Amino acid sequence: MNSTRCAACKYLRKKCPPDCIFSPLFPASDPQRFAHIHRIYGAGNIARMLQKLPAHLRAQAAESLSFEARCRIEDPVYGCVKIISQLQQEIFMAQSQLAKTLAQFQVFCNSLSIADPQFQHAAEASSSFIDQGPRSNHL
Amino acid sequence: MKGHEHRSSSSCAACKFLKRRCTENCIFAPYFRSDEPKKFAKVHKVFGASNVSKILIEVPEEQREDTVNSLAYEAEARLRDPVYGCIGAIALLQRKMAELQHDLAVARARLAGYAACSGGAIYAISAPPVLNSMDCSRNVAVPSIDLHDRFNCCDGFSAAASIDRISSESIRHGGFADFGQPLLPL
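Residues numbered from 1 in each chain as written. Chains lettered and ligands numbered in written order. Predicted model: local features only at pLDDT ≥ 70, side-chain atom pairs only at ≥ 80, totals over all residues. Heavy atoms only, no water.

(A) Up close: the overall build of chain B. In terms of regular secondary structure, chain B is built from six helices and zero strands. Secondary structure elements in chain B, listed N-terminal to C-terminal, are α-α-α-α-α-α. For chain B, buried positions account for 44% of its 186 residues. Across chain B, the fraction of contacts at a sequence separation of at least 24, relative to all contacts at a separation of at least 6, is 58%. A total accessible area of about 10000 Å² is found for chain B, and carbon and sulfur atoms account for 52% of it. (Helix = DSSP H or I, 4+ residues; strand = E, 2+ residues; numbered from the N terminus. Buried < 20%, exposed > 50% of the residue type's maximum accessible area, 1.4 Å probe, protein only. Contact = heavy atoms within 4.5 Å. Areas by Shrake-Rupley, 256 points an atom, 1.4 Å probe, with all protein chains shown as cover.)

Here's what the structure looks like:
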């Protein structure tokens, strides 16, 4: 029997039973963590989500839910989706820069192969690499 | 008599789902149209109608559409991956970004190397740079990248540390094979 209530049961002002689903995930030492999750998702929704998961995955689920809840409290409009959006934009920019650099590489190799036949091989390999696109070893 | 042009003759998706009358002042009506029932169903399943309503009341009206869209996005992510939700998507994107940064550095170094050697008599003829980002099958450990600093929120909450901790588990777990949602309008 739990002599102390977990953070969830303390927050909800109810008894903490021995089989409380929240107890292993929301210790009394961190009351804010549950408070944030409850504010965004609600205790009932959280309990339902956790119950559907195998026990060994619930800690990770609670952690990610806690993170997302905290992001949503900090930024009620975008939450953690802002991070995704920023990453997508940065990936797009990095891909553009990479394509530009590879194109420069090809131009450079082509110009060198004109000046020096030793570079013909590198120019052809570079060109076919850019044309063929991603390697597909195990896709 | 004019004046009620915005009044919908049919219930919004939220009120239809909740089986209640859709009033003129329904907070959900502008954002959960009746022809998009799944959108509200998903949001309600993850967050609950009353929590969504509280969040919407908190934000200025001009930002509510973006709020609903981001909630729908998060709900979709959570339903697809009940363990990691959006964190799984973040982990994959971070890994992709790390690979791109590596490849960009390699490509630039190669280009600089060739340019530097172009005046010399003897050349090392090499293949084009081997790029990780082109080979999706490779598993690359996510290194520390400077994205983390901007995700540190105030009062001690380190989004960066949380992402690191959760995302490494997410990659090991193998969740989120694909999450090709388009960018949200910001």
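(B) Representation of the packing of helix H2 (residues 31-40) of chain A against helix H4 (residues 58-74) of chain A. All names here are of chain A. It is the contact of H2 with H4, at a shortest axis distance of 8 Å, that shows an interaxial angle of 70°. By the angle between their axes, H2 is roughly perpendicular relative to H4. Here H2 contributes Gln32, Arg33, His36, Ile37, Arg39 and Ile40 to the contact with H4, which in turn contributes Ala62, Glu63, Leu65, Ser66, Ala69, Arg70, Arg72 and Ile73. (Axes fitted to C-alpha atoms, helices over the stretch in contact; angles between N-to-C directions. Parallel < 35°, antiparallel > 145°, perpendicular 65-115°, else oblique.)

(C) Layout of the packing of aromatic side chains. Across all of its chains, the model carries nine aromatic pairs over all chains by this definition. Each ring, one from Phe28 of chain B and one from Phe32 of chain B, has its centre 6.0 Å from the other, and the planes form 65°; the classification is edge-to-face. Like Phe28 of chain B, the residue Phe32 of chain B is buried in the burial classification. Taking the centre distance of 5.1 Å and the plane angle of 80° together, the rings of Phe32 of chain B and Phe40 of chain B count as edge-to-face. Side by side, Phe32 of chain B and Phe40 of chain B carry an identical accessibility label, which is buried. Joined through ring pairs, the aromatic side chains of Tyr11, Phe22, Phe26 and Phe34 of chain A make up one cluster. The ring of Phe32 of chain B carries Lys39 of chain B above its face, with NZ or CZ at 5.8 Å from the centroid. (Phe/Tyr/Trp six-rings, centres within 6.5 Å; stacked < 30°, edge-to-face > 60°. Lys NZ or Arg CZ within 6 Å of the ring centre and 35° of its normal.)

(D) Spatial organisation of the UniProt feature "domain: LOB" (unreviewed entry) in chain A. Under the feature "domain: LOB" (unreviewed entry), the UniProt entry names residues 4-105 of chain A. Summarising residues 4-105 of chain A: 66% helix, 0% strand, and an end-to-end C-alpha distance of 66 Å. (UniProt positions renumbered as here; feature names shortened; annotations may be inferred.)

(E) Region of interest: the packing of helix H3 (residues 43-51) of chain A against H4 of chain A. All names here are of chain A. Two elements in contact, H3 and H4, have axes whose closest approach is 10 Å; the angle formed by their N-to-C orientations is 145°. Here the hand of the crossing between H3 and H4 comes out right-handed. Seen from H3, the contacting residues are Ile46, Met49, Leu50 and Gln51; seen from H4, they are Arg58, Ala61, Ala62 and Leu65. Grouping the amino acids of the contact of H3 with H4 by side-chain chemistry returns six nonpolar, one polar and one charged. (Left-handed = near helix turned anticlockwise from the far one by under 90°. Nonpolar A, V, L, I, M, F, W, Y, C, P; charged D, E, K, R; others polar.)

(F) Spatial organisation of the pattern of salt bridges. Residues and elements named next belong to chain B. For the structure shown, the criterion picks out ten salt bridges over all chains. For Glu76, the salt bridge is made with Arg80, and the minimal N-O distance between the two is 3.4 Å. Linking Glu76 with Arg80, this pair stays in helix H4 (residues 64-80), spanning four residues, or about one helical turn. Taking relative accessible area as the criterion, Arg80 reaches 44% and is therefore assigned partly exposed. (Salt bridge = Lys/Arg side-chain N within 4 Å of Asp/Glu carboxyl O.)

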